[in-house]
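Structural features, examined
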Amino acid sequence: MITTARKWKTTALTVAAVLLGGVLAGCGDTTPAPTALAPSSPAPSSPTTPAPSATTSPAPKKPPTMAPGPAGRTPVFERRPAGGAPAAGGGGTAGGAAAEKVVALTFDADMTADQGPRAAAGERFDNPELIALLRRLKVPSTVFMTGRWAEEYPAQAKGIGTDDLFEVANHSYSHHAFTADCYGLPVVAKESMARDVERAFSAFREAGVRNVVPYFRFPGGCYDDAALGALAPANVTAVQWDVVSGDAFATDAGAVAEQVLDGVRPGSLVVLHCTRSAAPVTAEAISRIVPELRKRGYRFVKVSELMEG
């Protein structure tokens, strides 16, 4: 588990977030037909096993999660351990194999519950150009979306959430804080935390988002043991990060790219943003980050693959 101070390690990012009221949290068939038997070989039969169907598709793969922490608290995933993937059940490392050069890029689609008037006045909390770039570059990604964002941009939410390049995770409904003193964000009452998370999942369903994973990112990255306990009924794995991009409120795409490239290690999880008004240079930074990491031998994965190993 990491401290809030470590997660927000750039002074410029923190100051900007406070000044702006914490608006943004450091913001077909796949089954082959059965092979025909030779005429001289009678086909086997089974009274209890139905014959395979050419139209049967495999069941969707269940996203991996971590086992609950002490006293049933919500578990927290930060990055793949250096020695490999987390062991089954969420503890330790599996196998001790050499670290694979994989990295997960995650994008927070932030919008607080009270920003509707600003959106109505023309402020853009979306970034369709960034999503289009990720598609062109074929970068699997995880988008941590607030319920309010899905309500404001339902067509975009559905487009992201029905594209197998992406998976959609929960960033709360309201983008209010789950602890006190979290970058000036209003605070969710502890008894309302699990309901806030479920409200976001409901907004995803309403928008037609399909590729939803049971992962949650705390607004501002702020949490404590009380929040982990209060969130337990939501049955999610909290997902943090080990690389802060610094894209929130940044104006220098080169600096953002350099910070990410300097920080990425095998198994890293990077936090970026999908909010045009408050992270305007993210797409430009990604256009530099992706080719360079590929040149270094890295493969991009979603959080679910990073967690699974």
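Summarised in this report is the structure supplied together with it. (Residues numbered from 1 in each chain as written. Predicted model: local features only at pLDDT ≥ 70, side-chain atom pairs only at ≥ 80, totals over all residues. Heavy atoms only, no water.)

1. Things to note about the environment of A230
- Along the chain, A230 falls in helix α8 (residues 225-230).
- The exposure class of A230 is buried, given its relative accessible area of 18%.
- Once residues within four sequence positions are removed from consideration, A230 is found in contact with K190, M193 and A194. (Helix = DSSP H or I, 4+ residues; strand = E, 2+ residues; numbered from the N terminus. Buried < 20%, exposed > 50% of the residue type's maximum accessible area, 1.4 Å probe, protein only. Contact = heavy atoms within 4.5 Å.)

2. Quick look at the packing of helix α9 (residues 253-263) against helix α10 (residues 282-295)
- One can describe the packing of α9 onto α10 by two numbers: an axis separation of 8 Å at closest approach and a directional angle of 35°. Note that α9 runs across α10; the crossing there is right-handed. Contacts from A253, G254, V256, A257, V260 and L261 in α9 reach E284, A285, R288, I289, E292 and L293 in α10.
- For the contact of α9 with α10, the residue count by class is eight nonpolar, one polar and three charged. (Axes fitted to C-alpha atoms, helices over the stretch in contact; angles between N-to-C directions. Left-handed = near helix turned anticlockwise from the far one by under 90°. Nonpolar A, V, L, I, M, F, W, Y, C, P; charged D, E, K, R; others polar.)

3. Focus on helix α4 (residues 128-137)
- Restricting attention to buried positions, one finds in α4 the residues L130, I131, L133 and L134. Seen along its axis, α4 keeps its buried residues to an arc of 160°; they face one direction.
- In this structure, the buried side of α4 is in contact with β2 (102-109), β3 (141-145), α6 (154-161), β4 (166-170), β8 (268-273) and α10. (Arc of directions from axis to C-beta.)

4. Focus on the packing of α4 against α10
- Relative orientation of the contacting elements α4 and α10 amounts to 20°, with a least axis distance of 9 Å. When the interaxial angle is binned, α4 and α10 end up roughly parallel. Of the two elements, α4 crosses α10, and the hand of that crossing is right-handed. Counted together, L130, L133, L134 and L137 of α4 and T282, A283, I286, S287, V290 and R294 of α10 form the full contact between these two elements. (Parallel < 35°, antiparallel > 145°, perpendicular 65-115°, else oblique.)

5. Details of the pairing of β4
- Of all five residues that make up β4, five are buried, and the element is covered over most of its length.
- Judged by which residues are buried, β4 turns out to be covered on both faces: F166, V168 and N170 on one side and E167 and A169 on the other are all buried.
- Bridge analysis of β3 against β4 gives five bridges, and the strand direction is parallel. Bridge assignment links S141 to a residue of β4, and that residue is F166.
- With helix α7 (residues 193-207) bridging β4 and the parallel strand β5 (residues 212-216), this β-α-β connection has right-handed handedness. (Pairing = 2+ DSSP bridges. Right-handed = clockwise from strand over helix to strand, strands pointing away.)

6. Remarks on the side chain of S172
- Note that S172 resides in the loop between β4 and α7.
- In this view, S172 contacts M145, T146, G147, F178, D196, A200, F216 and P219; residues no more than four positions away in its chain are not counted.

7. Some thoughts on α6
- Taken together, the buried positions of α6 are A157, I160 and G161. An end-on view of α6 places all buried positions within 90° of arc, on one side of the element.
- In this fold, the buried residues of α6 make contact with α4, β3, α5 (147-152), β4 and α7.

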